[in-house]
Amino acid sequence: MNGKKIACVVLLMIIGIAAYSGQIVHQKAEAKRAEATSATDETTAERGKLDTAKIQTEKIRIESDELLRFLRAWEPYADRIQTQSEVEESVLASLRSANLLILSQRFESRQIQVAAGSPGAAITKLVRASLVLEDDYAKTMNWIGELERRLPMARMMNCRITGGDNGRQVRAEIAIEVPLVDLKYNAIAKK
């Protein structure tokens, strides 16, 4: 072979190597472009998820703010009565101050079994007071109002008022339930 033919073969080999290298570089560039497009799509999807999470978080914050304001408003009342003896003392003190005739009284408590995380999980116990009173109609009705002021969290379960021994007296059979709220459960509300 002469020099021209060898130069041609070498030149063709260089051109082949350059074409092969160009093809490899082009494939790598295509792979990087596809990777970049995939990453952009993933980023867009994740931004959408982030925006959705932000909206949900804001919604939950607004809903919980209302609930926390409600809890803060009732917190002093829940803090005042934390045990069965405090419920008994409060009811009996209001009866003494109203000077009502008590025919019978019974206080009992029961544990509340509620799943953790549910709205009622902060209420651990209910104290039920069953009272039978007989006295003047006005005094009895005023006492019921006073009881509501002293124990605003109390729920009247039964209130049966019938005529008493004379025309001005009434016999009242009253049953109330007072929830005992665990304020430590609601520690997040103090923030």
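Reference entry: report on the structure contained in this document. (Residues numbered from 1 in each chain as written. Predicted model: local features only at pLDDT ≥ 70, side-chain atom pairs only at ≥ 80, totals over all residues. Heavy atoms only, no water.)

Quick word on the side chain of Ser-130
Here is step 1: Structurally, Ser-130 can be placed in strand β2 (residues 123–136).
Here is step 2: Since its relative accessible area comes to 17%, Ser-130 is described here as buried.
Here is step 3: Excluding residues within four positions of it along the chain, Ser-130 makes contact with Ser-104, Gln-105, Arg-106, Ile-174 and Ala-175. (Helix = DSSP H or I, 4+ residues; strand = E, 2+ residues; numbered from the N terminus. Buried < 20%, exposed > 50% of the residue type's maximum accessible area, 1.4 Å probe, protein only. Contact = heavy atoms within 4.5 Å.)

Thoughts on the pattern of salt bridges
Here is step 1: This structure, assessed with the given rule, holds 14 salt bridges.
Here is step 2: Lys-49 is paired through a salt bridge with Glu-46; the nearest N and O atoms lie 3.6 Å apart. Here Glu-46 and Lys-49 lie together in helix α1 (residues 3–80), a separation of three residues that amounts to about one turn.
Here is step 3: Its relative accessible area of 53% is what places Lys-49 among the exposed residues.
Here is step 4: Ionic pairing is found between Arg-150 and Glu-146, a salt bridge with its closest N-O pair at 3.2 Å. Taken together, the residues Arg-150 and Glu-146, both in helix α3 (residues 137–150) and four residues apart, mark about one turn of the helix.
Here is step 5: Glu-146 sits in the partly exposed class, given a relative accessible area of 22%. (Salt bridge = Lys/Arg side-chain N within 4 Å of Asp/Glu carboxyl O.)

Concerning the sheet that holds strand β4 (residues 169–181)
Here is step 1: Strand order in the open sheet formed by four strands is β1-β2-β4-β3, and the pairing between neighbours is antiparallel. Edge positions in the sheet fall to β1 (102–111) and β3 (155–163), since each has one partner strand and no second. Within the sheet, the average angular offset between the axes of one strand and its neighbour, ignoring direction, is 10 degrees.
Here is step 2: Here β3 runs beside β4; their pairing, made up of eight bridges, is antiparallel. (Pairing = 2+ DSSP bridges. Axes fitted to C-alpha atoms, helices over the stretch in contact; angles between N-to-C directions.)

Digging into the packing of helix α2 (residues 84–98) against α3
Between two packed helices, what matters for the description is the angle formed by their axes and the separation of those axes.
Here is step 1: Packing of α2 against α3 leaves a shortest axis separation of 10 Å and a crossing angle of 145 degrees. Along this stretch, α2 crosses α3, giving a crossing that reads as right-handed. Facing α2, whose interface residues are Ser-90, Val-91, Ala-93, Ser-94, Leu-95, Ser-97 and Ala-98, α3 presents Lys-139, Trp-143, Glu-146, Leu-147 and Arg-150.
Here is step 2: Residues that form the contact of α2 with α3 fall into these classes: six nonpolar, three polar and three charged. (Left-handed = near helix turned anticlockwise from the far one by under 90°. Nonpolar A, V, L, I, M, F, W, Y, C, P; charged D, E, K, R; others polar.)

Details of the nonpolar core
Here is step 1: Counting 19 residues, the largest nonpolar core has Val-91, Trp-143 and Ile-176 as the members making the most contacts within it.
Here is step 2: Breaking this core down by element, the ones donating at least two residues are α2, β2, α3 and β4.
Here is step 3: No other element matches β4, which puts five residues into this core.
Here is step 4: Setting aside anything within four residues of it in sequence, one finds Trp-143 in contact with Val-91, Ser-94, Leu-95, Ala-98, Leu-100, Leu-131, Leu-133 and Ile-174. (Core = buried A, V, L, I, M, F, W, Y, C linked by side-chain atoms within 4.5 Å.)

Concerning the pairing of β4
Here is step 1: When you tally the buried positions in β4, you get 10 out of 13 residues, the bulk of the element.
Here is step 2: Looking at chain direction, β2 and β4 are connected through 13 bridges and run antiparallel. By the bridge assignment for β4, Ile-123 is matched with Val-181.
Here is step 3: Between β3 and β4, which pair antiparallel one after the other, the connecting turn spans five residues.

Brief notes about α2
Here is step 1: Look at α2: 21 Å from first C-alpha to last across 15 residues, which is about the 21 Å you get at 1.5 Å a residue.
Here is step 2: Each element contacted by the buried residues of α2 is listed here: β1, β2, α3 and β4.
Here is step 3: Within two residues after α2, Asn-99 carries a phi angle of roughly 60 degrees, on the positive side. (Expected span 1.5 Å × (residues − 1).)

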